Amino acid sequence: MRLAFLARAATAACALSFLPAAAEAATLGFDLTIDGSASSVIGSTNVPVLTLVNTGDHALIGFSLTIGDAAFNFDGLVNLVAPVGATALVIEGDNNINGIDGVNTDRVALTFDSLQPGQSASFALDVDSDAGVFQQDYRTILFNNGAAENALAEATFASASGPTTLALVLDDQPATDGIARFSAEQAISAPPSVPLPGTLPLALAAIAGFGFLSRRRAG
């Protein structure tokens, strides 16, 4: 009877070792700064410099900005800089700023090999009018634009459950210093890691031992 009891206890311990662990809490987040405070062409209100910072717990693998006011466009995306190990690629948008090449888009998009938590990337973005006026203030196009829709920023993160996108509508703000700052954050539940339970080897050894003893007693 005692042997049977111990065998059942060992089996129960083995089963408990496989019970799923609770989901792990994680955060997705990014900061976006749009700087048009410089006096040069790159860094002007017409061609602001955008800086993207990964403030979450997972690698950032994609980013896009969609213009809300359909009367304007992004004429070019240049000066793309990413940290080592986070190679960036423009997958949508013109990479030439001259205002006369006829190539423009209402959306620009980038992919990253892996922009890790705490890392940042930057690029300059030319904002123009569809009517051919090439000197525009990004603030009155992307957010402080009256009845027109504001621009939409989207960042995609890699996680154990698959790619997850976090969206941010650029809210109206004064940006009196020529710099606009935006942030988005979202808590998620990530699947837990599944290491080999520490009790598993002992439980298996106990069960094997009980089986051996049972065979001896039966003999």
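Check the entry above for the structure.
Peer 1: Explain the overall build of the protein chain here, please?
Peer 2: Counting secondary structure elements, the protein chain contains three helices and 10 strands. When its helices and strands are written in sequence order, the protein chain yields α-β-β-β-β-β-β-β-α-β-β-β-α. Expressed as a percentage of its 219 residues, the buried residues of the protein chain come to 40%. Counting contacts in the protein chain only where the partners sit at least 6 residues apart, residues at least 24 apart contribute 72% of the total. For the protein chain, the exposed area adds up to about 11,400 Å²; of that, 59% sits on carbon and sulfur atoms.

Peer 1: Please clarify how the sheet that holds strand β6 (residues 107-115) should be interpreted in this entry.
Peer 2: The strands making up a sheet associate through hydrogen bonds between their backbones, and the pairing can be parallel or antiparallel. Across the sheet, five strands lie side by side as β5-β6-β3-β8-β9; this open sheet has antiparallel pairing. Each edge of the open sheet is held by one strand with a lone partner, namely β5 (88-92) and β9 (164-169). In this sheet, neighbouring strand axes are inclined to one another by 20° on average, regardless of whether the strands run parallel or antiparallel. Taken together, the six bridges between strand β3 (residues 60-66) and strand β8 (residues 152-157) define a ladder with antiparallel strand orientation.

Peer 1: Just to check I follow, could you spell out the environment of Ser122 for this structure?
Peer 2: You can see Ser122 is positioned in strand β7 (residues 120-129). Note: C-alpha distance between Ser122 and Val53 (69 residues apart in sequence) is 8.8 Å. If near-sequence neighbours (up to four positions away) are discounted, Ser122 is found in contact with Val49, Leu50, Thr51, Asn79, Leu80 and Val81.

Peer 1: Explanation requested: the pairing of strand β2 (residues 49-54) in the structure shown.
Peer 2: Two faces, one strand: in a regular strand the side chains alternate between the faces of the sheet. Of the two faces of β2, only the one carrying Leu50, Leu52 and Asn54 is buried; Val49, Thr51 and Val53 on the other face are not. Pairing geometry for β2 and β7, over five bridges, is antiparallel. Paired with Val49 across the strands is Ala124, a residue of β7.

Peer 1: Hey, could you run me through the packing of aromatic side chains in this one?
Peer 2: The geometry of two aromatic rings is summed up by the distance between their centres and the angle between their planes. Across all of its chains, the model carries four aromatic pairs by this definition. Ring centres of Phe143 and Phe182 lie 5.4 Å apart, and the angle between their planes is 70°; on these two criteria the pair is classed as edge-to-face. You can see Phe143 sitting in the loop between α2 (139-142) and β8 and its partner Phe182 sitting in strand β10 (residues 179-190), a full 39 residues away along the chain. The pair formed by Phe143 and Phe182 is uniform in burial state, with each residue classed as buried. The structure contains a cluster of three or more aromatic residues connected by ring pairs, namely Phe30, Phe63 and Phe123.

Cut-offs and rules
Residues numbered from 1 in each chain as written. Predicted model: local features only at pLDDT ≥ 70, side-chain atom pairs only at ≥ 80, totals over all residues. Heavy atoms only, no water. Helix = DSSP H or I, 4+ residues; strand = E, 2+ residues; numbered from the N terminus. Buried < 20%, exposed > 50% of the residue type's maximum accessible area, 1.4 Å probe, protein only. Contact = heavy atoms within 4.5 Å. Areas by Shrake-Rupley, 256 points an atom, 1.4 Å probe, with all protein chains shown as cover. Pairing = 2+ DSSP bridges. Axes fitted to C-alpha atoms, helices over the stretch in contact; angles between N-to-C directions. Phe/Tyr/Trp six-rings, centres within 6.5 Å; stacked < 30°, edge-to-face > 60°.

Fair warning: the whole summary comes from geometry, so function is off the table for now.
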